[in-house]
There are 2 protein chains.
Amino acid sequence: MIDLNRLYSERVRGAQPSAIREICKLIDAPNMRSLAGGWPDPAIFPNREVSQIVSDLLATQGDKVLQYGTTEGLFELRSELSRLAGEWDGIDCSPDQIMITHGSAQGMDLACRVFIDPGDVVMVGLPTYFGGSSTVSSYNGVNAGVPVNEKGLDVELLAARLRALSDEGKSIKGIYLVPNFQNPTGTTLPLERRERLLELAEQYNLIIFEDDPYGELRFEGTKLPPLMALDTSGRVIHMRSFSKIFSPGMRLAWVAGHADVVRKMTVAKQFADVATNTLSQYVLLEFIQRGFLEQGIARIKKHYHLKRDFILQKLEERFPKEVTWNHPAGGFFIFVTLPQDLNAMDLLTEALDHNVAFVAGAPFFVDGSGQNTLRLSYSQASKEDIEIAVASLGQLIKEQLA
Amino acid sequence: MIDLNRLYSERVRGAQPSAIREICKLIDAPNMRSLAGGWPDPAIFPNREVSQIVSDLLATQGDKVLQYGTTEGLFELRSELSRLAGEWDGIDCSPDQIMITHGSAQGMDLACRVFIDPGDVVMVGLPTYFGGSSTVSSYNGVNAGVPVNEKGLDVELLAARLRALSDEGKSIKGIYLVPNFQNPTGTTLPLERRERLLELAEQYNLIIFEDDPYGELRFEGTKLPPLMALDTSGRVIHMRSFSKIFSPGMRLAWVAGHADVVRKMTVAKQFADVATNTLSQYVLLEFIQRGFLEQGIARIKKHYHLKRDFILQKLEERFPKEVTWNHPAGGFFIFVTLPQDLNAMDLLTEALDHNVAFVAGAPFFVDGSGQNTLRLSYSQASKEDIEIAVASLGQLIKEQLA
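About the cut-offs
- Residues numbered from 1 in each chain as written.
- Chains lettered and ligands numbered in written order.
- Predicted model: local features only at pLDDT ≥ 70, side-chain atom pairs only at ≥ 80, totals over all residues.
- Contact = placed C-beta atoms within 7 Å.
- Helix = DSSP H or I, 4+ residues; strand = E, 2+ residues; numbered from the N terminus.
- Nonpolar A, V, L, I, M, F, W, Y, C, P; charged D, E, K, R; others polar.
- Pairing = 2+ DSSP bridges.
- Least-squares fit on C-alpha atoms with pLDDT ≥ 70 in both.
- Buried ≥ 20, exposed ≤ 12 C-beta atoms within 10 Å, placed from the backbone.
- Domains from an automatic or database assignment.
- Expected span 1.5 Å × (residues − 1).
- Axes fitted to C-alpha atoms, helices over the stretch in contact; angles between N-to-C directions.
- Parallel < 35°, antiparallel > 145°, perpendicular 65-115°, else oblique.
- Left-handed = near helix turned anticlockwise from the far one by under 90°.

The interface is formed by 64 residues belonging to chain A together with 65 residues belonging to chain B. Mapped onto the side of chain A that touches chain B, the elements with two or more residues apiece are helix 1 (4-7), helix 2 (10-13), helix 4 (47-60), helix 5 (62-65), helix 7 (104-115), helix 8 (130-138), helix 12 (259-272) and helix 13 (278-289) of chain A. Here the side of chain A that touches chain B is composed, by residue class, of 29 nonpolar, 22 polar and 13 charged.

This is the structure we're talking about:
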């Protein structure tokens, strides 16, 4: 038989098996009351609208919508996104500064191809979304963690860490963050921190990888300008997704940035998968142009807002006072901190025995800390599941405290 | 402004601007009679079938078909493909040995992630499909060219080259080839060469990257077993595409291989784009199960067969006797060799002035040879375009010969 070990690339030989993937299999068991997955609720999927649009498109434009498209994505769609970026967020970017990607993860992957050499450092939150940090690692980049508090990434600790790493002579390439309703903490970076972050990026000549899949899902408070809208030097790679406001299965996302960066990411995509699904892009274009997107977002926000209120109420009722958690102003996630001596992985093992699932926080910490934290998602679970899962978890935590 | 040059990764800084991409812009001009693109003919797209299936799926299963899917792809689809691989090609592989990719290019990209370290050598044809060789280069792998003759890759020259490279102490990782109706030459590797290729792969412990997007489009002669069906040691990565027999815009392809290799490629895909478009996968599954795929292939083969016959007839009538070309038994391409002292790039410049386009052969040769070759594609052009383009090219070649 083949000797694969001699043949595998170094990056693959160095990869660790993922503990999360193994746990995911348990979480997927039937009858599980799960607050684990960060998936959207199918109740808000636009089935009828998509069906009607596909039918209309295939009746008249099958030759275009089933054919290959360009690597950067459909021009008309990029034009719409250029318009929306301006209207919604004050981002001034031309269609040439936008590319369509097959999901946001692809945006981050292409950005890493373009910027990350082995050993390059990217600053990330403690905790951070591990999709982003894992992609950095997959290019043999190094994630350097900076604490996140209730207002998101602590920019003064970031400044200190940048200074120290710079003094050590490290090649620091960028800062990765989810500025709005961060996965996993639900925190949003205030305006003054956004400005300070840009100052630091300027000082150290860094790329900012701005991953913003939840920005449209704000339930309360005032919308903040994306880092890209505040940036004046073209150093932000702004990644947006339609997974939460349209359909995750359609795998549509977009990246906006410096025209030269977008061009280089487009060349990288040429090798990666040539082009994004054409039919999906045309469907989304029609979905926007027929006004369904804006209507849909209003409906979706209301849907998740109610769910957030419900889980917060249940947490208040059922969790012991030794436990703390945040009140996210949008998005999908509640981040829970247990007393220091409790371990969320032990709690998860117990919980799974009771058919209740969540995600332990530790995998979100690149420094191995966060053992006493966990993430609860209210996006996909039914009210009944939320009620039962929270009650059960509250009980298990009380038992562990006793 | 940002100093991007300090930030770009080495692989990006080393990348050459693509001459082909610039020419593509000219080729896309309106009124061009183009034999350049290798795109499928929209006349054979299954518009009605896809429309009906999408409508049926969204009426009852929107919650599944618009939701995220697993990274390896829909289990039911992988099961169907496992069955078809056995029935059509004598490939014995379980669904666990199959993954769905977002186009065949993604299959090759993930395979390179898993196997190619900088400096690793992959053997390719002279000429070869540059999508494959470019992906190797994008991982800083090195393509080593071996002549292709009328029967495909010359396996005895391959043996000699492997011996030489091995003696030089090179790290040789694999052989990349399109065994059926190769892009660009249209040649098909005979059975005895397939067997010899496997022997050599065994001897040097190599991966075979078997890229087979045209295999189903055989117009005449007997189907040959894929390398994967002949392999006994799990060293073939078999890449198949639905772009030519279903829809290129749906971006659906699959990879079959050693279970451990497929698992590692799946982990790589997790970073690359998480999962392939769910709706497209369900549509394809239904398309297969309703019998449309097999019916469609019969119709598509007939369609391209007629086009091939037409272009061969026109070439016979219009091209001077100093020029030679192949008679492909399937696929999309005719490969033309001009007399040694003519240059296909010069001819292309002339042709574009006459609103006729083709692809010069040189970019398919990793050693810079093939200056007197060109590729003509009959897949997408109308009969009228084929007739006029061939007449015009014949005339221009005669002028250059004079």
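Residue and element names in this part refer to chain B. Strand order across the open sheet formed by 4 strands is 10-11-14-13, with antiparallel pairing between neighbours. A single partner strand is all that each edge strand has here, and the edge strands are strand 10 (324-325) and strand 13 (359-360). For strand 11 (residues 333-337) and strand 14 (residues 373-377), the ladder comprises 5 bridges, and the chain directions are antiparallel. Within the sheet, the bridge partner assigned to Phe333 lies in strand 14 and is Ser377.

The transform that puts chain A on chain B rotates by 180° and translates by 0.0 Å along the axis, for an RMSD of 0.0 Å. Considering both components of the superposition, the chain copies are consistent with a two-fold axis. Comparing interface residues between copies, 100% of those in chain A also sit at the interface in chain B, which points to an isologous, same-surface contact.

Let us now look at the pairing of strand 14 of chain B. Residue and element names in this part refer to chain B. Of all 5 residues making up strand 14, 5 are buried, and the element is well covered by its neighbours. Taking every second residue as pointing to the same face, both faces of strand 14 are buried, with Thr373, Arg375 and Ser377 on one and Leu374 and Leu376 on the other. Across 2 bridges, the pairing between strand 13 and strand 14 is antiparallel. Its bridge partner being in strand 14, Ala360 is matched across the sheet by Leu374.

All right, on to the domain arrangement of chain A then. Residue and element names in this part refer to chain A. By the assigned domains, chain A splits into domain 1 (4-45 + 298-401) and domain 2 (48-292). Averaged C-alpha coordinates put domain 1 and domain 2 at centres separated by 24 Å. Contact residues are listed per partner, giving 28 residues for domain 1 and 30 residues for domain 2. For the side of domain 1 that touches domain 2, the element with the most residues is helix 14 (residues 292-318), which contributes 5 residues. Taken together, the residues of the side of domain 1 that touches domain 2 sort by class into 15 nonpolar, 8 polar and 5 charged.

Bringing the sheet that holds strand 5 (residues 152-153) of chain B into the picture now. Through backbone hydrogen bonds, the strands of a sheet pair up, either in parallel or in antiparallel fashion. Residue and element names in this part refer to chain B. Taken in spatial order, the 8 strands of this open sheet run 2-9-8-7-6-3-4-5, and their pairing is mixed. Two strands in the sheet have a free side with no partner beyond their single neighbour: strand 2 (98-101) and strand 5. One ladder, built from 2 bridges, connects strand 4 (residues 142-149) with strand 5; its direction is antiparallel. Each residue of the ladder has a partner; that of Asn149, found in strand 5, is Gly152.

On to helix 14 (residues 292-318) of chain B, then. Residues and elements named next belong to chain B. For helix 14, built from 27 residues, the straight-helix expectation of 39 Å at 1.5 Å per residue is met to within 8% by its first-to-last C-alpha distance of 39 Å. Taken together, the buried positions of helix 14 are occupied by Ile300, Tyr304, Lys307, Arg308, Ile311, Lys314 and Leu315. Of the surrounding elements, those touching the buried residues of helix 14 are strand 10, strand 11, strand 14 and helix 16 (383-401).

Moving on to the packing of helix 7 (residues 104-115) of chain B against helix 8 (residues 130-138) of chain B. When two helices pack together, their arrangement is captured by the angle between the axes and the distance separating the axes. Residue and element names in this part refer to chain B. It is the contact of helix 7 with helix 8, at a shortest axis distance of 9 Å, that shows an interaxial angle of 30°. Our classification of the angle between helix 7 and helix 8 gives roughly parallel. The chirality of how helix 7 crosses helix 8 is right-handed. Facing helix 7, whose interface residues are Ala105, Met108, Asp109 and Cys112, helix 8 presents Gly131, Gly132, Thr135 and Val136.

Residue and element names in this part refer to chain A. Within strand 8 (residues 236-241), 6 of the 6 residues are buried, which leaves it mostly tucked inside the rest of the structure. Judged from the 4 bridges that link them, strand 8 and strand 9 (residues 253-256) form a sheet pairing that is antiparallel. Looking across to strand 9, one finds that His238 is bridged to Ala256.

Before going further, it helps to examine the environment of Lys264(B). In this structure, Lys264(B) sits in helix 12 (residues 259-272). Judged by local crowding, Lys264(B) falls into the buried class, with 23 C-beta atoms found within 10 Å. Counting along the chain gives 153 residues from Lys264(B) to Ala111(B), while the straight-line C-alpha distance between them is 8.9 Å. Once residues lying within four places of it in the same chain are set aside, the contact partners of Lys264(B) are Val12(A) and Val114(B).

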